[in-house]
Amino acid sequence: MLAESRTHDLSRLELRDLVHDLAGRPELWAHLVRHDPSERVYCELLRDDHVAVYLICWMDDHDTGYHDHDVSAGALAVASGQVREERLAIGNEPASTLAGPGDVLDFAPEDIHRVTHAGRLPAVTIHAYSPPLRGMGAYDIADDGRLRRHAQSYEEELRPRAALG
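So, here's what we can say about the structure.

Cut-offs applied
Residues numbered from 1 in each chain as written. Predicted model: local features only at pLDDT ≥ 70, side-chain atom pairs only at ≥ 80, totals over all residues. Heavy atoms only, no water. Pairing = 2+ DSSP bridges. Helix = DSSP H or I, 4+ residues; strand = E, 2+ residues; numbered from the N terminus. Core = buried A, V, L, I, M, F, W, Y, C linked by side-chain atoms within 4.5 Å. Buried < 20%, exposed > 50% of the residue type's maximum accessible area, 1.4 Å probe, protein only. Contact = heavy atoms within 4.5 Å. Axes fitted to C-alpha atoms, helices over the stretch in contact; angles between N-to-C directions. Polar contact = N/O pair within 3.5 Å; in protein donor to acceptor, adjacent residues only side chain to side chain. Phe/Tyr/Trp six-rings, centres within 6.5 Å; stacked < 30°, edge-to-face > 60°. Patch = residues over 30% accessible without salt bridge, like charges linked within 9 Å, V, L, I, M, F, W, Y side chains within 5 Å. Areas by Shrake-Rupley, 256 points an atom, 1.4 Å probe, with all protein chains shown as cover. Salt bridge = Lys/Arg side-chain N within 4 Å of Asp/Glu carboxyl O.

Turning next to the pairing of strand 5 (residues 82-87). With six bridges connecting them, strand 5 and strand 8 (residues 113-118) associate as antiparallel partners. Residue pairing across strands places V83 opposite H117, the latter belonging to strand 8. Bridge analysis of strand 5 against strand 6 (residues 95-99) gives five bridges, and the strand direction is antiparallel. By the bridge assignment for strand 6, E85 is matched with T97.

Moving on, we get to the nonpolar core. Formed by 21 residues in total, the largest nonpolar core has its most connected members in V51, V53 and I126. Of all the secondary-structure elements, those providing two or more residues to this core are helix 1 (12-23), strand 1 (41-47), strand 2 (52-58), strand 4 (73-80) and strand 9 (123-130). Here the element with the most residues in this core is helix 1; it accounts for five residues. Not counting residues up to four positions away in its chain, the partners in contact with I126 are V19, L22, A23, W29, L45, V53, Y54, L55, A75, L76 and A77. Counting residues in hydrophobic clusters, the runner-up holds 17 residues, among them W58, V83, Y129 and L133.

Here we have five strands laid out as an open sheet, ordered 1-2-9-4-7, and antiparallel in their pairing. The sheet is open, and its two borders are formed by strand 1 and strand 7 (104-107), each paired with just one other strand. Mean inter-strand twist for the sheet, computed between neighbouring axes without regard to direction, equals 20°. Contacts between helix 1 and the sheet are confined to strand 2, strand 4, strand 7 and strand 9, with strand 4 contributing the most and set at about 20° to the helix.

Let us look at unusual backbone geometry. What is expected of a backbone is that most residues other than glycine have negative phi and most peptide bonds are trans. In this model, S130 is joined to P131 through a cis peptide bond whose omega is -10°. Backbone geometry at D61 places phi at a positive 70°, although glycine is not the residue there. The exposure class assigned to D61 is exposed, which follows from its relative accessible area of 78%. Unlike most non-glycine residues, D70 shows phi in positive territory, near 55°.

All right, on to the side chain of H62 then. Looking at the element boundaries, H62 is found in the loop between strand 2 and strand 3 (67-68). A distance of 3.5 Å separates the side chain of H62 from the backbone nitrogen of E39, its partner in a polar contact. Of note is the side chain of H62, whose polar atom sits 2.8 Å from the backbone nitrogen of M59. Leave out the neighbours within four places in its chain, and H62 touches D36, P37, S38, E39, R40, C57, V115, T116 and H117.

Tallied over the entire structure, the rule returns two aromatic pairs. Ring centres of Y54 and Y129 lie 6.0 Å apart, and the angle between their planes is 65°; on these two criteria the pair is classed as edge-to-face. One end of the pair, Y54, is in strand 2; the other, Y129, is in strand 9, and 75 residues separate them in sequence. Among the residues examined, Y54 registers a relative accessible area of 8% and is labelled buried. Residue classification places Y129 among the buried residues on the basis of a relative accessible area of 7%. Ring centres of F107 and Y129 lie 6.1 Å apart, and the angle between their planes is 50°; this geometry places the pair in the tilted category.

On the surface, I90, I141 and L147 cluster together to form a nonpolar patch covering roughly 290 Å² of accessible area. When its relative accessible area of 39% is taken as the criterion, I141 is described as partly exposed.

This paragraph deals with the pattern of salt bridges. This structure, assessed with the given rule, holds 14 salt bridges. Between D48 and R6 there is a salt bridge, and its shortest N-O distance comes to 3.6 Å. Note that D48 is positioned in the loop between strand 1 and strand 2 and R6 in the segment before helix 1, a separation of 42 residues in sequence. Relative accessible area serves as the criterion here: at 21%, D48 is assigned to the partly exposed category. Judged by relative accessible area, R6 falls into the buried class, the value being 11%. Sharing partners across several salt bridges, the network here consists of R12, R16 and D106.

If you want it as C-alpha coordinates, here you go:
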(Lines give C-alpha, C1' and ligand atoms only; values in the text may rest on other atoms or scores of the structure.)
Protein backbone atom coordinates (compact mmCIF):
# COMPACT_ATOMS: atom_id res chain seq x y z
CA MET A 1 0.00 0.00 0.00
CA LEU A 2 2.73 2.52 0.87
CA ALA A 3 4.64 1.80 -2.33
CA GLU A 4 1.53 2.16 -4.50
CA SER A 5 2.05 4.65 -7.33
CA ARG A 6 -0.44 7.52 -7.44
CA THR A 7 -1.31 9.51 -10.54
CA HIS A 8 -3.30 12.36 -8.95
CA ASP A 9 -3.70 14.34 -5.74
CA LEU A 10 -6.08 12.56 -3.37
CA SER A 11 -9.54 13.82 -2.42
CA ARG A 12 -10.56 14.06 1.22
CA LEU A 13 -12.49 10.81 0.85
CA GLU A 14 -9.42 9.08 -0.63
CA LEU A 15 -7.30 10.47 2.22
CA ARG A 16 -9.81 9.14 4.76
CA ASP A 17 -9.68 5.69 3.15
CA LEU A 18 -5.87 5.72 3.07
CA VAL A 19 -5.38 6.60 6.77
CA HIS A 20 -8.14 4.22 7.86
CA ASP A 21 -6.49 1.38 5.96
CA LEU A 22 -3.01 2.17 7.30
CA ALA A 23 -4.18 2.55 10.90
CA GLY A 24 -5.54 -0.99 10.65
CA ARG A 25 -2.19 -2.35 9.46
CA PRO A 26 0.19 -1.86 12.42
CA GLU A 27 2.65 -4.37 10.97
CA LEU A 28 3.68 -1.53 8.61
CA TRP A 29 4.46 1.04 11.32
CA ALA A 30 4.31 -0.38 14.88
CA HIS A 31 8.11 -0.70 15.04
CA LEU A 32 8.32 3.11 14.70
CA VAL A 33 6.06 3.94 17.66
CA ARG A 34 7.92 5.80 20.40
CA HIS A 35 6.41 8.04 23.05
CA ASP A 36 8.28 10.99 24.55
CA PRO A 37 6.58 13.06 27.27
CA SER A 38 8.38 16.25 26.17
CA GLU A 39 7.30 16.26 22.50
CA ARG A 40 5.29 14.48 19.85
CA VAL A 41 7.26 11.88 17.97
CA TYR A 42 6.51 11.75 14.26
CA CYS A 43 7.86 9.84 11.33
CA GLU A 44 7.23 10.31 7.62
CA LEU A 45 6.08 6.97 6.23
CA LEU A 46 5.69 8.03 2.60
CA ARG A 47 6.16 11.08 0.37
CA ASP A 48 5.56 11.08 -3.36
CA ASP A 49 4.31 13.67 -5.83
CA HIS A 50 0.70 13.34 -4.61
CA VAL A 51 0.62 12.39 -0.92
CA ALA A 52 2.62 12.48 2.32
CA VAL A 53 1.84 10.08 5.17
CA TYR A 54 3.00 10.39 8.79
CA LEU A 55 2.87 8.39 12.00
CA ILE A 56 2.46 10.65 15.07
CA CYS A 57 2.79 9.55 18.71
CA TRP A 58 1.03 11.61 21.41
CA MET A 59 1.20 11.91 25.20
CA ASP A 60 -0.21 14.26 27.88
CA ASP A 61 -0.03 17.98 27.07
CA HIS A 62 0.97 17.44 23.42
CA ASP A 63 -0.73 20.15 21.36
CA THR A 64 -0.22 21.32 17.78
CA GLY A 65 -1.63 24.78 18.41
CA TYR A 66 -3.98 26.25 15.83
CA HIS A 67 -2.69 25.77 12.29
CA ASP A 68 -3.63 25.24 8.67
CA HIS A 69 -2.02 23.04 6.02
CA ASP A 70 -1.51 25.71 3.36
CA VAL A 71 -2.69 24.12 0.08
CA SER A 72 -2.98 20.52 1.36
CA ALA A 73 -6.13 18.68 2.40
CA GLY A 74 -5.66 16.02 5.05
CA ALA A 75 -7.06 13.22 7.14
CA LEU A 76 -6.03 11.49 10.33
CA ALA A 77 -6.97 8.10 11.74
CA VAL A 78 -6.58 7.17 15.39
CA ALA A 79 -4.82 3.81 15.75
CA SER A 80 -4.72 3.86 19.57
CA GLY A 81 -5.53 6.23 22.41
CA GLN A 82 -7.50 9.44 21.93
CA VAL A 83 -6.95 12.88 20.43
CA ARG A 84 -9.17 15.96 20.34
CA GLU A 85 -9.57 18.19 17.30
CA GLU A 86 -10.77 21.78 17.70
CA ARG A 87 -11.80 23.94 14.74
CA LEU A 88 -11.25 27.64 15.25
CA ALA A 89 -14.51 29.61 15.34
CA ILE A 90 -14.10 33.37 15.83
CA GLY A 91 -16.67 34.70 18.30
CA ASN A 92 -17.66 31.20 19.43
CA GLU A 93 -16.13 28.35 21.33
CA PRO A 94 -14.06 26.08 19.07
CA ALA A 95 -15.96 23.14 17.60
CA SER A 96 -14.50 20.11 19.36
CA THR A 97 -14.36 16.42 18.36
CA LEU A 98 -12.98 13.61 20.52
CA ALA A 99 -11.56 10.80 18.36
CA GLY A 100 -10.58 7.30 19.49
CA PRO A 101 -9.41 4.06 17.90
CA GLY A 102 -10.95 3.59 14.45
CA ASP A 103 -12.12 7.20 14.13
CA VAL A 104 -11.10 9.27 11.10
CA LEU A 105 -11.14 13.07 10.79
CA ASP A 106 -10.52 15.07 7.62
CA PHE A 107 -9.91 18.73 6.84
CA ALA A 108 -9.71 21.09 3.91
CA PRO A 109 -6.66 23.27 3.23
CA GLU A 110 -8.50 26.35 4.50
CA ASP A 111 -9.51 24.79 7.84
CA ILE A 112 -7.79 26.18 10.92
CA HIS A 113 -7.64 23.56 13.64
CA ARG A 114 -5.57 22.14 16.46
CA VAL A 115 -5.06 18.59 17.65
CA THR A 116 -4.29 17.69 21.26
CA HIS A 117 -3.72 14.47 23.13
CA ALA A 118 -6.79 13.35 25.08
CA GLY A 119 -7.45 10.50 27.46
CA ARG A 120 -5.17 8.72 29.87
CA LEU A 121 -3.13 6.50 27.55
CA PRO A 122 -0.60 7.54 24.88
CA ALA A 123 -2.07 7.83 21.40
CA VAL A 124 -0.93 6.92 17.88
CA THR A 125 -2.37 8.55 14.77
CA ILE A 126 -1.77 8.17 11.03
CA HIS A 127 -1.99 11.39 8.95
CA ALA A 128 -2.08 11.88 5.17
CA TYR A 129 -1.86 15.14 3.21
CA SER A 130 -2.45 15.77 -0.47
CA PRO A 131 -0.76 17.40 -2.18
CA PRO A 132 2.17 16.62 0.17
CA LEU A 133 2.80 19.21 2.87
CA ARG A 134 5.30 21.89 1.92
CA GLY A 135 4.21 24.61 4.29
CA MET A 136 1.77 25.33 7.08
CA GLY A 137 0.45 28.32 8.93
CA ALA A 138 0.56 28.61 12.73
CA TYR A 139 -1.71 31.15 14.43
CA ASP A 140 -1.65 33.46 17.41
CA ILE A 141 -3.55 36.55 18.53
CA ALA A 142 -1.76 39.91 18.60
CA ASP A 143 -2.10 42.23 21.60
CA ASP A 144 -4.66 44.28 19.63
CA GLY A 145 -6.82 41.18 19.02
CA ARG A 146 -5.88 40.53 15.40
CA LEU A 147 -5.42 36.91 14.30
CA ARG A 148 -1.92 36.44 12.86
CA ARG A 149 -0.67 33.66 10.60
CA HIS A 150 2.98 32.63 10.76
CA ALA A 151 4.21 30.61 7.78
CA GLN A 152 6.41 27.65 8.60
CA SER A 153 7.94 24.65 6.89
CA TYR A 154 6.27 21.26 7.15
CA GLU A 155 9.55 20.09 8.70
CA GLU A 156 9.04 22.28 11.79
CA GLU A 157 7.07 20.78 14.67
CA LEU A 158 3.79 22.52 15.33
CA ARG A 159 3.40 23.93 18.85
CA PRO A 160 0.96 26.41 20.35
CA ARG A 161 2.03 30.00 19.68
CA ALA A 162 -0.39 31.51 22.22
CA ALA A 163 -3.72 30.73 23.83
CA LEU A 164 -6.54 31.11 21.31
CA GLY A 165 -9.53 30.22 23.41
